[in-house]
Amino acid sequence: MGTLADDLSPDSITRALATRFTGRKVIHLAAVASTIDEARSEVLSGAAQGTVVISDKQTAGRGRLGRTWLSPRGGIYLSIILYPAIDDFPYLIMVASLAAARAIKSVTGLQTQIKWPNDILIDGRKVGGILIESGLQQVTGDYAIVGIGLNANVSAAGFTGVALPATSLADELGRDVSRLELVRKLLVEFERLYLSLPSEAVFQEWRSSLVTLGREIIARSGERVYQGTAEDVASDGRLILRTRDGSKLELAAGDVTLSDNRADI
Ligand code: BTN
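Let me begin by describing the structure that accompanies this report. (Residues numbered from 1 in each chain as written. Predicted model: local features only at pLDDT ≥ 70, side-chain atom pairs only at ≥ 80, totals over all residues. Heavy atoms only, no water.)

What to know about the overall build of the protein chain
When helices and strands are counted, the protein chain shows 6 helices and 12 strands. A globule of 265 residues ought to have a C-alpha radius of gyration of about 18 Å, and the protein chain, at 18 Å, matches this closely. Along the longest, intermediate and shortest principal axes, the C-alpha atoms of the protein chain span 55 × 45 × 30 Å. Considering the protein chain as a whole, with its 265 residues, one finds that 54% of them fall into the buried category. For the protein chain, restricting intrachain contacts to residue pairs at least 6 apart in sequence, the fraction spanning at least 24 positions comes to 65%. Accessible area for the protein chain stands at about 11,300 Å²; split by element, carbon and sulfur atoms hold 48% of it. If you average the places of the 29 positive and of the 31 negative side-chain charges in the protein chain, the two averages end up 2 Å apart. (Helix = DSSP H or I, 4+ residues; strand = E, 2+ residues; numbered from the N terminus. Rg over C-alpha atoms; globule rule 2.2 N^0.38 Å. Buried < 20%, exposed > 50% of the residue type's maximum accessible area, 1.4 Å probe, protein only. Contact = heavy atoms within 4.5 Å. Areas by Shrake-Rupley, 256 points an atom, 1.4 Å probe, with all protein chains shown as cover. Lys, Arg positive; Asp, Glu negative; His and termini not counted. Charge placed at Lys NZ, Arg CZ, Asp CG, Glu CD.)

Topic: the site of the ligand
In the vicinity of the ligand lie 20 residues, with Ser-34, Gln-58, Arg-62, Arg-64 and Lys-126 positioned nearest. Within the contact set of the ligand, a nitrogen atom lies 2.8 Å away from a side-chain nitrogen or oxygen of Gln-58. At 2.6 Å, a backbone N or O of Arg-64 approaches an oxygen atom of the ligand. The fraction of the free accessible surface of the ligand (420 Å²) that becomes covered by protein chains is 98%. Elements represented by at least two residues in the shell around the ligand include exactly helix H2 (35–44), strand E3 (76–82), strand E6 (125–137) and strand E7 (141–150). Tallying contributions element by element places E6 first for the shell around the ligand, with 4 residues. Among the residues making up the shell around the ligand, the classes are represented as 7 nonpolar, 9 polar and 4 charged. (Near = heavy atom within 4 Å. Polar contact = N/O pair within 3.5 Å; in protein donor to acceptor, adjacent residues only side chain to side chain. Nonpolar A, V, L, I, M, F, W, Y, C, P; charged D, E, K, R; others polar.)

A word on the packing of aromatic side chains
In this structure the tally under the stated criterion is 3 aromatic pairs. On the basis of an interplanar angle of 75° and a centroid distance of 6.2 Å, the ring pair of Phe-21 and Tyr-194 is categorised as edge-to-face. With a gap of 173 residues between them, Phe-21 in the loop between helix H1 (10–14) and strand E1 (26–29) and Tyr-194 in helix H5 (residues 179–195) connect regions that are remote in the sequence. As far as the burial class goes, Phe-21 and Tyr-194 line up, both buried. When the ring of Phe-190 is compared with that of Tyr-194, the centres are 6.0 Å apart and the planes differ by 15°; the resulting orientation is stacked. Note that Phe-190 and Tyr-194 are positioned in helix H5 at a spacing of 4 residues, about one turn of the helix. Using a relative accessible area of 0% as the deciding quantity, one classes Phe-190 as buried. An aromatic cluster of three or more residues is present, and its members are Phe-21, Phe-190 and Tyr-194. (Phe/Tyr/Trp six-rings, centres within 6.5 Å; stacked < 30°, edge-to-face > 60°.)

Section: the packing of helix H3 (residues 92–108) against H5
Following both chains from N to C, one finds H3 and H5 inclined at 140°, their axes separated by 8 Å at the closest point. The orientation of H3 relative to H5 falls into the category oblique. Crossing hand, H3 versus H5: right-handed. On the side of H3, the interface is formed by Leu-92, Val-95, Ala-96, Leu-98, Ala-99, Ala-100, Arg-102, Ala-103, Ile-104, Ser-106 and Val-107, while H5 contributes Glu-181, Leu-182, Lys-185, Leu-186, Glu-189, Phe-190, Leu-193 and Tyr-194. Partitioning the contact of H3 with H5 into residue classes produces 14 nonpolar, 1 polar and 4 charged. (Axes fitted to C-alpha atoms, helices over the stretch in contact; angles between N-to-C directions. Parallel < 35°, antiparallel > 145°, perpendicular 65-115°, else oblique. Left-handed = near helix turned anticlockwise from the far one by under 90°.)

Side note on H2
For H2, the complete set of buried residues consists of Thr-35, Ile-36, Ala-39 and Val-43. One side of H2 holds all its buried residues, which, seen down the axis, span an arc of 100°. Looking one or two residues past H2, Gly-46 carries a phi angle of roughly 85°, positive in sign. (Arc of directions from axis to C-beta.)

With respect to the pairing of E7
In terms of burial, E7 is largely enclosed, as 9 of its 10 residues are buried. Here E6 runs beside E7; their pairing, made up of 10 bridges, is antiparallel. Counted as the bridge partner of Glu-133 is Ile-145 from E7. Linking E6 to E7, which pair antiparallel, is a turn of 3 residues. (Pairing = 2+ DSSP bridges.)

Section: the environment of Phe-21
Taking relative accessible area as the criterion, Phe-21 reaches 17% and is therefore assigned buried. Residues Phe-21 and Thr-51, spaced 30 residues apart in sequence, show a C-alpha to C-alpha distance of 7.7 Å. Look past the residues within four positions of Phe-21 in its chain and what remains in contact with it is Gln-49, Gly-50, Leu-82, Glu-191, Tyr-194 and Leu-195.

If you want it as structure tokens, here you go:
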């Protein structure tokens, strides 16, 4: 895999891209520890909103909850720098996962589902993930780095020891996909959704894409384990869990992992 002519140079990503600011500046690296860390150094030197750091591989890719994100050549590993209004922060996971789902559908025809809060699945197997890190920079203000990883032209059979069963777009299609087309579409969809914030429509589309709702789940938050029905999501993205004794809990994405090795909820 990885044989398709597939140039991710800044010029090929940016040329005639239908965005106002997202991907207007692209930093493309052959390899990096994590594009999130690279993006953070860009923030510290005053990078513009919408700057994208993309790498052909990551040697220390990070996932949620301290996990490793396997990042061999052939995948898509990018981070977008944003300076969102404070009220828009909770929507970023929704925007990123919907943009990834829309880009995959449009470029490959494959239908994805979202596992709360932001795992991108195809038939219960994980094909992509999102990690958002935020902070305060003195000059630019509150920033968010939206890290998106997609298993594009990699073989997920080699992904052993990962938390959920994995797949890739190439595994699903039996052929490589254009990473360039995917990245361009992803950036366009991302900006369109981002510019609509705050948006009830974004929340409702994300909510209706979740395969988690209505399912029995086990949620782990630190040492605590909760069991119950994933009843709904709140407008700030928290998962509303109805436990067996009838009480209601709201769980924040940053702290929670759902059940062990079950990707289909
Ligand atoms: C997850 O599902 O746990 C989130 C995975 C996020 C992976 C992306 S790849 C680009 C960016 N750089 C990283 O080190 N992680 C994110």
